[in-house]
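Residue strings, one per chain:
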Amino acid sequence: MISSLQDLIVQPETTFNTDVPLKTSVVSDATGGPVKVLTSSFGRTKPQEYRDDARQGLMDEGVIDGLEEYPWTLEHNIVPISSGNFPELHTLLSSIFNTHDAGTQTYTAGAMNCRHAMQMLRANNDVGDRQMLEVLNGAITNSMTVRGQGGSKPNISFSGKAARRRVAKSAKVTSGGGAGAINLDTTLTPNPSAALDATLEAAVFTAGALDDNGGAGYPVSIAGDSAVLVGTNDWSGLSAGDYVRPFIPSVNYQDVQPLGAQQGQVTIGGERYPITQLEFTVDLGLNYREDEFGAVSMQGAVPTQFRVTGTLQVRAREDLLTALETLEDSGFQVEIQLGGSAGRTWTFTMPNVVLPAAPIQTPAGAFGLVALPIQALASAPGAGDAISLVLS
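So, here is what we can say about the structure in this document. (Residues numbered from 1 in each chain as written. Predicted model: local features only at pLDDT ≥ 70, side-chain atom pairs only at ≥ 80, totals over all residues. Heavy atoms only, no water.)

Points about the overall build of the protein chain
The criterion, for reference: Helix and strand definitions follow DSSP, with helices as H or I runs of at least four residues and strands as E runs of at least two, each counted in order from the N terminus. Partly exposed describes any residue whose relative accessible area lies between the buried limit of under 20% and the exposed limit of over 50%, with all areas from a 1.4 Å probe on protein chains only and scaled to the type maximum. For this analysis, residues touch if any pair of their heavy atoms sits within 4.5 Å. Calculation of accessible area relied on Shrake-Rupley with a 1.4 Å probe; when residues are assessed, cover is drawn exclusively from the protein chains displayed.
What the protein chain contains, in helices and strands, is 3 helices and 28 strands. Scored against the burial criterion, the 392 residues of the protein chain give a buried share of 44%. Considering only contacts within the protein chain whose residues lie at least 6 apart along the sequence, 68% involve residues at least 24 apart. Summing over all exposed atoms, the protein chain offers an accessible surface of approximately 18600 Å²; the carbon and sulfur share of this is 49%.

Section: the side chain of threonine 106
In plain terms, the rule: Throughout this description, a polar contact denotes any pair of N or O atoms lying within 3.5 Å of each other; where both atoms belong to protein, one of them has to be capable of donating a hydrogen while the other can accept it, and for residues adjacent in sequence the pair is counted only when both atoms sit in side chains.
Inspection of the secondary structure assignment puts threonine 106 in strand E8 (residues 106–108). A distance of 2.9 Å separates the side chain of threonine 106 from the side chain of threonine 104, its partner in a polar contact. The contact partners of threonine 106, leaving out residues within four places of it in the chain, are Thr99, His100, Asp101, Leu389 and Val390.

Concerning the packing of aromatic side chains
Basically, it comes down to this: Any Phe, Tyr or Trp ring, taking Trp's six-membered ring, that has another such ring centre within 6.5 Å forms a pair; planes under 30 degrees apart are called stacked, those over 60 apart edge-to-face, and the others tilted. Working rule: Lys NZ or Arg CZ, within 6 Å of ring centre, within 35 degrees of ring normal, means a charge sits over the ring.
Evaluated as defined, the whole model comprises 3 aromatic pairs. Judged by centre distance (5.1 Å) and plane angle (75°), the rings of phenylalanine 280 and phenylalanine 348 are edge-to-face. Taken as a pair, phenylalanine 280 in strand E20 (residues 275–283) and phenylalanine 348 in strand E25 (residues 345–354) lie far apart in primary sequence, 68 residues in all. Here phenylalanine 280 matches phenylalanine 348 in class, with each residue buried. A centroid spacing of 6.2 Å and a plane angle of 55° characterise the contact between tryptophan 346 and phenylalanine 348, whose relative ring orientation is tilted. For phenylalanine 348, a relative accessible area of 0% puts it in the buried group. Chaining the aromatic ring pairs together yields one cluster made of Phe280, Trp346 and Phe348. Stacked on the ring of phenylalanine 42, the Lys or Arg arginine 122 has its end atom at 4.4 Å from the ring centre.

Let's talk about the pairing of E20
In regular strands, side chains alternate between the two faces of the sheet. To be explicit about the condition: Here, a strand pair is defined by DSSP locating no fewer than two bridges between the strands.
In this sheet, E20 lies alongside strand E10 (residues 131–149) in antiparallel orientation, the contact comprising 7 bridges. The residue of E20 that forms the bridge with threonine 145 is threonine 281. For E20 and strand E23 (residues 307–315), the ladder comprises 8 bridges, and the chain directions are antiparallel. Considered in E23, the bridge of aspartate 283 is made with arginine 307.

Brief notes about the environment of isoleucine 64
Tracing the backbone through its elements, the reader meets isoleucine 64 in strand E5 (residues 63–65). With 13 residues separating them along the chain, isoleucine 64 and arginine 51 place their C-alpha atoms 6.5 Å apart. In contact with isoleucine 64, not counting residues within four places along its chain, are Pro47, Gln48, Glu49 and Arg51.

Some remarks on the nonpolar core
If you look at soluble globular proteins, the nonpolar side chains tend to sit buried side by side. Condition: Buried residues of nine kinds, namely Ala, Val, Leu, Ile, Met, Phe, Trp, Tyr and Cys, make up a nonpolar core once their side-chain atoms join them within 4.5 Å.
Residues Trp72, Trp346 and Phe348 are the most contacted members of the largest nonpolar core, which totals 62 residues. With near-sequence residues (within four places) excluded, phenylalanine 348 lies in contact with Phe97, Met144, Val146, Phe280, Val334, Glu335, Ile336, Leu338, Ile387, Ser388 and Leu389. Ranked by size, the runner-up nonpolar core spans 7 residues in total, among them Ala171, Val173, Leu184 and Leu238.

Examining the pairing of strand E27 (residues 369–376)
As paired strands, E23 and E27 are joined by 8 bridges and run antiparallel to one another. Opposite leucine 312, over in E27, you have leucine 372 as the bridge partner. Pairing of E25 with E27 involves 2 bridges; the strand directions are antiparallel. If you follow valine 354 over to E27, its bridge partner there is glutamine 375.

Regarding the pattern of salt bridges
The criterion, for reference: Each reported salt bridge corresponds to a side-chain nitrogen of Lys or Arg within 4 Å of a carboxyl oxygen of Asp or Glu.
This model, assessed by the stated rule, comprises 10 salt bridges. Here aspartate 65 and lysine 46 are joined by a salt bridge, their closest N and O atoms 3.4 Å apart. Remark: lysine 46 occurs in the loop between strand E3 (39–42) and strand E4 (48–50) and aspartate 65 occurs in strand E5; sequence separation between them is 19 residues. Two residues, lysine 161 and glutamate 69, come together in a salt bridge whose shortest N-O distance is 3.2 Å.

A closer look at the environment of serine 250
Mapped onto the elements, serine 250 comes out in the loop between strand E17 (243–244) and strand E18 (264–268). Using a relative accessible area of 64% as the deciding quantity, one classes serine 250 as exposed. With 216 residues separating them along the chain, serine 250 and proline 34 place their C-alpha atoms 9.9 Å apart.

Brief notes about unusual backbone geometry
What you tend to see is this: most non-glycine residues have negative phi, and most peptide bonds are trans. Unusually for a residue other than glycine, asparagine 17 sits at a positive phi of about 60°. Mapped onto the fold, asparagine 17 is located in the loop between strand E1 (6–12) and strand E2 (33–34). Unusually for a residue other than glycine, glutamine 105 sits at a positive phi of about 50°. With respect to the helices, strands and loops of the structure, glutamine 105 is situated in the loop between strand E7 (99–101) and E8. Its relative accessible area of 9% is what places glutamine 105 among the buried residues.

With respect to the environment of proline 47
Within the secondary structure, proline 47 is located in the loop between E3 and E4. It is 8.6 Å that separates the C-alpha atoms of proline 47 and glutamate 69, two residues lying 22 residues apart in sequence. Leaving out residues up to four positions away in the same chain, proline 47 has contacts with Ile64, Asp65, Gly66 and Leu67.

Following this line, the structure appears as structure tokens:
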């Protein structure tokens with residue numbers, strides 16, 4: 001049974017779809033780190049086509065496998081920057097924004113190109129000795145969505161696809177072998193060879209009851225129903241009934257509280273407006289390279305259209321509606337501030353927004369509301385300034 005006890009580590013890859021040494025430090029920096037998550041989904045789809053050749057019977061006799069896909073989604077609280085550190089969500093933000101100024105903590109879209117790929121490691125800790133480790137490699141973000149509503153905390157989500165997904169889980173020991181070898185329970189489903197994935201270089205394992213190789217774990221190789229420890233340590237601390245577990249780093253998170261619902265504001269054309277709800281999405285418009293002949297997985301992504309769209313729900317007041325009419329079909333600046341005190345503020349700026357006309361909605365017994373659809377544009381052809389983010 002998989003529990004809600006979970007760790008997530010997100011790190012940029014130096015080379016697309018390759019393993020990255022595990023990050024266990026207390027801070028997030030340019031090499032990534034542990035990230036707290038509200039919800040996470042590591043998906044797997046495998047298209048299958050029924051055989052359509054002539055056959056002797058009426059029933060289907062087999063299927064042909066297509067290319068597997070690994071969609072993923074992460075949802076987070078919005079966390080302010082901890083003093084002297086990179087933002088906890090730095091690696092994910094950098095997968096959307098092309099440029100980061102560490103001095104001013106400013107993220108800008110920059111020139112159109114494909115953002116970096118990431119390794120995502122999700123560790124699920126069950127009660128006792130049961131653990132499962134999932135690793136995505138070649139994870140490329142396609143979109144980021146920010147949501148806020150009066151009286152509720154804001155949140156942010158990221159979604160995309162990965163090139164590879166691997167899983168490692170615990171396996172029960174039937175007898176200790178010493179000298180780097182143990183025997184595993186063959187009645188487990190799936191069998192130990194599936195439980196201890198020898199190809200999962202990032203999913204190294206814990207030897208004995210305590211030794212974790214100084215926080216690095218040990219690689220394991222599989223031969224039939226036996227596991228061999230690759231390294232100088234051995235399995236001598238294990239006996240029948242013990243479990244060999246995927247190595248899960250002991251991570252530490254930044255000690256900072258998420259932004260709440262009490263602070264924040266939205267300005268449109270320099271004027272502050274009473275926003276009851278907001279949502280906007282940055283979509284990179286990626287075309288994933290999943291159609292290349294002979295490829296066993298997604299080979300990367302090509303950007304097609306960087307687009308920022310969203311909706312701002314405003315209370316309908318006569319003076320505001322009159323002012324908004326003067327902004328229709330013209331470029332103006334929208335600034336969305338989440339938080340407000342020093343060290344606890346995220347400010348998204350869209351300097352050139354088009355605001356089309358929108359109807360007034362008046363539910364029975366409620367105030368009139370206007371849902372303003374917005375689209376952020378570049379200031380000039382080829383410019384990458386449709387949106388920026390400053391953490392202060």
